[in-house]
Amino acid sequence: MTNLKVHAPASADLDGDLVSLRGDCARMAPHWAAPDRVTALPVSPSLIHGVTVPTSSARLLDEMSDYGD
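Residues numbered from 1 in each chain as written. Predicted model: local features only at pLDDT ≥ 70, side-chain atom pairs only at ≥ 80, totals over all residues. Heavy atoms only, no water.

## Re the overall build of the protein
Scanning the protein from N- to C-terminus turns up two helices and zero strands. Looking at the protein as shown, the accessible area adds up to about 7,600 Å², and 60% of this sits on carbon and sulfur atoms. (Helix = DSSP H or I, 4+ residues; strand = E, 2+ residues; numbered from the N terminus. Areas by Shrake-Rupley, 256 points an atom, 1.4 Å probe, with all protein chains shown as cover.)

Pasting the structure below:
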């Protein structure tokens, strides 16, 4: 069995403000690496198959207002 060491997280500031949030983000930034650039290649419509949308979901989306209403 592997012994995983878990570090206690920093105390959460539940009543924090934007300054606290920015500080949290700055501390986490070194832990995350982003790729230099991601380029999505187009997919032929003939390769897209098997996608089904339940009728209730389609009706829900149809009844939603357009952006900006």
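## Topic: the pattern of salt bridges
Throughout the structure, instances matching the rule amount to one salt bridge. Between R27 and D24 there is a salt bridge, with its nearest N and O atoms 2.3 Å apart. Residue R27 and its partner D24 are both found in helix 1 (residues 18–28); the two are separated by three residues, about one turn of the helix. With a relative accessible area of 37%, D24 lands in the partly exposed category. (Salt bridge = Lys/Arg side-chain N within 4 Å of Asp/Glu carboxyl O. Buried < 20%, exposed > 50% of the residue type's maximum accessible area, 1.4 Å probe, protein only.)

## As for a nonpolar patch on the surface
There is a patch of nonpolar side chains on the surface, built from V43, L47, I48, V51 and V53 and spanning about 530 Å² of accessible area. Tracing the backbone shows V53 in the loop between helix 1 and helix 2 (55–63). (Patch = residues over 30% accessible without salt bridge, like charges linked within 9 Å, V, L, I, M, F, W, Y side chains within 5 Å.)

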